[in-house]
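# Per-entry structural report
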Amino acid sequence: MTLKRGNLRKNLFFWIAALLGLTLDQLSKYWVMQGFNLGDTLPILPGIFHFTYVVNTGAAFSLFTGGAEWLRWLSLVVSLGLMAFAWFGVRMKLVEQLGYGFILSGAIGNGVCRFIYSHVVDFLDFRLIQFPVFNLADTFINIGIAFLLYAAFFDTPNNKQQTTNNK
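Residues numbered from 1 in each chain as written. Predicted model: local features only at pLDDT ≥ 70, side-chain atom pairs only at ≥ 80, totals over all residues. Heavy atoms only, no water.

Each helix and strand in the protein was counted, giving six helices and three strands. Along the protein, helices (α) and strands (β) appear in the sequence α-α-β-β-α-α-β-α-α when read from the amino end. Looking at the 167 residues of the protein, the share that counts as buried comes to 38%. Counted over contacts in the protein with a minimum sequence separation of 6, partners at least 24 positions apart contribute 68%. Accessible surface, the protein: about 9800 Å² in total, of which carbon and sulfur atoms supply 69%. (Helix = DSSP H or I, 4+ residues; strand = E, 2+ residues; numbered from the N terminus. Buried < 20%, exposed > 50% of the residue type's maximum accessible area, 1.4 Å probe, protein only. Contact = heavy atoms within 4.5 Å. Areas by Shrake-Rupley, 256 points an atom, 1.4 Å probe, with all protein chains shown as cover.)

Have a look at this one:
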């Protein structure tokens, strides 16, 4: 089996979304870790939205707190699976490429934190609705899911036929 450049081009927007999301996530976490002390908060819209530096040893919404050990391996397995799917699978529709690419960026982004620090750096703090503090990786995972839901429920028959013909 040879690695062909065509495999990269086949789902190019998957790789672009993954790289862009991962870069933004890691840069934002670096900025928070360098510019804040743990627990510090910076009001952007006081009482509504703050940057607040917290750590999370669990999954989304602090579920499975202390589960960084197995969550890091889950992130790795999901990441490798998504990369194999994009590399070896069929050419996906644009909306699917973006969906899976953003999910990959979030899985790798939080996975990197879990492997290096044994926790995830969170800082996006919506206080108006008392929402748990989260990060860009979490946001990109949700954006990716939204793209995939759109593809599943609002795809036109012509697009589905086009995908079937590309297999």
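Attention now goes to helix α4 (residues 94-117). With 24 residues, α4 ought to run about 34 Å at 1.5 Å a step, and its terminal C-alpha atoms sit 34 Å apart, in line with that. Most of α4 sits out of view: 17 of its 24 residues are buried. Looking one or two residues beyond α4, the residue adopting positive phi is Ser118, at roughly 65°. (Expected span 1.5 Å × (residues − 1).)

The sheet built from three strands is open, its strands ordered β1-β2-β3 with antiparallel pairing. At either margin of the open sheet sits one strand with a lone partner, and together these are β1 (41-45) and β3 (120-126). Strand-to-strand, the axes of this sheet are offset by a mean angle of 30°, without reference to chain direction. Alignment of strand β2 (residues 49-56) against β3, held across six bridges, turns out to be antiparallel. By the bridge assignment for β3, Val55 is matched with Val121. Where helix α2 (residues 12-35) meets the sheet, it contacts β2 and β3, and its direction lies at approximately 85° from that of β3. (Pairing = 2+ DSSP bridges. Axes fitted to C-alpha atoms, helices over the stretch in contact; angles between N-to-C directions.)

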